[in-house]
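The lines below spell out each chain.
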Amino acid sequence: MKKKVSLKQKKQNKKREKKVLLIALALLAVLGIGGGVAFAKYYSINYREGVSVASGLYFGSNKLTTVPGSVTDMSDIAANETDTLPVNVNTTKWSGDETTFDIEIRNYENHLLYNDASLAIEYEVCFMMLDTPKGANYYVEKYGEPSTRKALYEEESDGTVITPVGTGGAAVKTFTGTLPGGSLAADRYTLIIKMVNPERYDHAKARVLAVAYPTAPDYVRNDTYQQNRLLGVFQGVYSQIELSVDTAEFKVQEESDYNAGTWKGKVKDLSGLIYNVKTKGDIVTDSSDSITIKPQVMIRWKKDYLKISEYDEYYLAAKAMDAANAGDPGAQKWFYTQGDWTCMRVSAMPYTSIDVTFYKTDRFMTELSNGTLQKTSFEELVDAYIP
């Protein structure tokens, strides 16, 4: 049977524990071990609830794994240690302009265990391409500080290299920081993978290596065996939005009594014609839960028979895009004429309904009246497809 301990005895035991701990620390100081900090062990006593906690040096990350090792040289690590490391991939589907990874360097294990106030950790965090990329640009920066951005690799959409991967030290992009002790502290860095050409990227998903380690105080760094080294590998997985046209027809065609005998009268009575396009496909988001680049639907119509309303919202948007790109001769046109057709690009997501307003030209009315314009020909005056 377990012997009961009185409240008085509990208090005496706590005092005894405290006294023993203080004596031990005093002995360490006498022996010249610097109060116990030289070997990176720190003791804190939480007198509330009478709990004594022993804590070590805290140097961790939300994405990087602690992998003690003898080297901090990036090329050596890339050649000998990356095969067994797990690969961090984006946790949400990426289909827009870019995907990002936020990497934290921390001075704590959890909200209760963190470095002593006297221990400020200086560190380096380094990034390097493990593979030669295609179709995407790679950057790293301090979180929220675009001015600190460094390019790991850059290319044009045709594959022309702007910033090569580099070799040796030129391939490594390094940041330094300091994590003060005494409370929870973390520095955040962002790895950015910016899409340039999805087709080229799909065949060459490159990986990025990240390494972090303390550099000061001197006793926390050991170049022959770095106990607190952090490693991680990152790779972006791109998911192209699959957009297609589900239905495309004039609104009048949706009426239940629209048929070969009634179509001409119905069309003649309308002052304007609404053409409706419905899209379908996969709805996905990029890593920031938003899509920065929407796919496009091309809508075109026979210009001799129809003209678009100058107040149509998609017409105004297309004209605005052309105006914005006026100084770029290589920019794609959003509203233009091609042969017998007038063409207009519309930004759209899957499961979008697009209504475009048209007016009938004199030729339309003449051929409708004399019978030259038949039902099938009328229904084919407008076309919609994914460019």
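Here the structure is shown first, and the text comes after it.
Attention in this report is confined to the structure presented alongside it. (Residues numbered from 1 in each chain as written. Predicted model: local features only at pLDDT ≥ 70, side-chain atom pairs only at ≥ 80, totals over all residues. Heavy atoms only, no water.)

1. Considering the overall build of the chain
Alright, step 1. Counting its secondary structure elements, the chain contains 7 helices and 22 strands.
Alright, step 2. Restricting to contacts in the chain with at least 6 residues of sequence separation, those with at least 24 account for 78%.
Alright, step 3. Per element, the accessible surface of the chain, about 21100 Å² overall, is 50% carbon and sulfur. (Helix = DSSP H or I, 4+ residues; strand = E, 2+ residues; numbered from the N terminus. Contact = heavy atoms within 4.5 Å. Areas by Shrake-Rupley, 256 points an atom, 1.4 Å probe, with all protein chains shown as cover.)

2. Description of the pairing of strand 19 (residues 335–338)
Alright, step 1. Pairing analysis gives 4 bridges linking strand 19 to strand 20 (residues 341–347), with the strands arranged antiparallel. Following the sheet pairing, Gln338 is matched in strand 20 by Trp341.
Alright, step 2. With antiparallel pairing between neighbouring strands as the criterion, strand 19 and strand 20 make up a hairpin whose turn holds 2 residues, including Gly339 at a positive phi of roughly 65°. (Pairing = 2+ DSSP bridges.)

3. Some thoughts on the environment of Phe59
Alright, step 1. Within the element layout of this structure, Phe59 appears in the loop between strand 2 (51–56) and strand 3 (60–61).
Alright, step 2. Accessibility expressed as a relative area gives 6% for Phe59, which makes it buried.
Alright, step 3. Sequence-wise, Phe59 and Ile105 are 46 residues apart; in three dimensions their C-alpha atoms are separated by 7.2 Å.
Alright, step 4. In contact with Phe59, not counting residues within four places along its chain, are Thr66, Ile105, Arg106, Ile121, Tyr123, Leu179, Ala212, Tyr213, Pro214, Asn228 and Leu230. (Buried < 20%, exposed > 50% of the residue type's maximum accessible area, 1.4 Å probe, protein only.)

4. Some remarks on the packing of aromatic side chains
Alright, step 1. Using the criterion set out here, one finds 13 aromatic pairs in the structure.
Alright, step 2. Residues Trp94 and Tyr201 carry aromatic rings whose centres are separated by 5.5 Å and whose planes lie at 75° to one another, so their mutual orientation is edge-to-face. Of this pair, Trp94 sits in the loop between strand 5 (87–89) and strand 6 (98–106) while Tyr201 sits in helix 3 (residues 198–201), and the two are 107 residues apart along the sequence. Each member of the pair Trp94 and Tyr201 is classed as buried.
Alright, step 3. For the ring pair Trp301 and Phe358, a centre distance of 4.8 Å and an interplane angle of 65° mean the geometry is edge-to-face. On the criterion of sequence distance, the pair formed by Trp301 in strand 17 (residues 296–302) and Phe358 in strand 21 (residues 353–360) is long-range, its members being 57 residues apart.
Alright, step 4. Residue classification places Trp301 among the buried positions, given a relative accessible area of 2%. (Phe/Tyr/Trp six-rings, centres within 6.5 Å; stacked < 30°, edge-to-face > 60°.)

5. Thoughts on the nonpolar core
Alright, step 1. Counting residues in each nonpolar core, the largest one holds 35 residues, and the members touching the most others are Ile105, Phe127 and Tyr138.
Alright, step 2. Taken together, the elements giving at least two residues each to this core come down to strand 6, strand 7 (121–129), strand 8 (136–142), strand 9 (150–155), strand 11 (173–179), strand 12 (186–195), strand 13 (207–216) and strand 14 (230–235).
Alright, step 3. When residues of this core are assigned to their parent elements, the largest contribution, 5 residues, is made by strand 7.
Alright, step 4. If sequence neighbours within four positions are ignored, Phe127 has contacts with Met74, Ile103, Val140, Leu152, Ala171, Val172, Lys173, Phe175, Tyr189, Val208, Leu209 and Ala210. (Core = buried A, V, L, I, M, F, W, Y, C linked by side-chain atoms within 4.5 Å.)

6. Topic: the environment of Pro86
Alright, step 1. Position of Pro86 among the secondary structure elements: in the loop between helix 2 (74–80) and strand 5.
Alright, step 2. A relative accessible area of 56% means that Pro86 is categorised as exposed.
Alright, step 3. A C-alpha to C-alpha distance of 7.4 Å links Pro86 and Gly232, two positions 146 residues apart in sequence.

7. Details of the sheet that holds strand 21
The strands making up a sheet are joined through hydrogen bonds of the backbone, oriented either antiparallel or parallel.
Alright, step 1. Ordered by their spatial adjacency, 4 strands build an open sheet running 15-16-21-18, and the pairing between neighbours is antiparallel. Two strands bound the open sheet, and with one partner strand each, they are strand 15 (243–250) and strand 18 (306–308). For this sheet the average axis-to-axis angle between neighbouring strands, irrespective of direction, equals 35°.
Alright, step 2. Note: strand 15 against strand 16 (residues 273–281), 7 bridges, orientation antiparallel. Among the inter-strand pairings, Ala248 is bridged to a residue of strand 16, identified as Val277. (Axes fitted to C-alpha atoms, helices over the stretch in contact; angles between N-to-C directions.)

8. Brief notes about the side chain of Thr342
Alright, step 1. Mapped onto the elements, Thr342 comes out in strand 20.
Alright, step 2. The residues touching Thr342, leaving out its near neighbours within four places in the chain, are Ile299, Arg300, Trp301, Lys303, Phe335, Tyr336 and Thr337.

9. Remarks on helix 6 (residues 362–370)
Alright, step 1. Burial in helix 6 covers these residues: Phe364, Glu367 and Leu368. End-on view of helix 6: buried residues confined to an arc of 105°, all on one side of the axis. The outward face of helix 6, more than 90 degrees from its buried face, is lined by the exposed residues Asp362 and Ser369.
Alright, step 2. Its buried side turned inward, helix 6 meets helix 4 (263–269), strand 16, strand 18, strand 21 and helix 7 (375–379).
Alright, step 3. Looking one or two residues beyond helix 6, the residue adopting positive phi is Gly371, at roughly 90°. (Arc of directions from axis to C-beta.)

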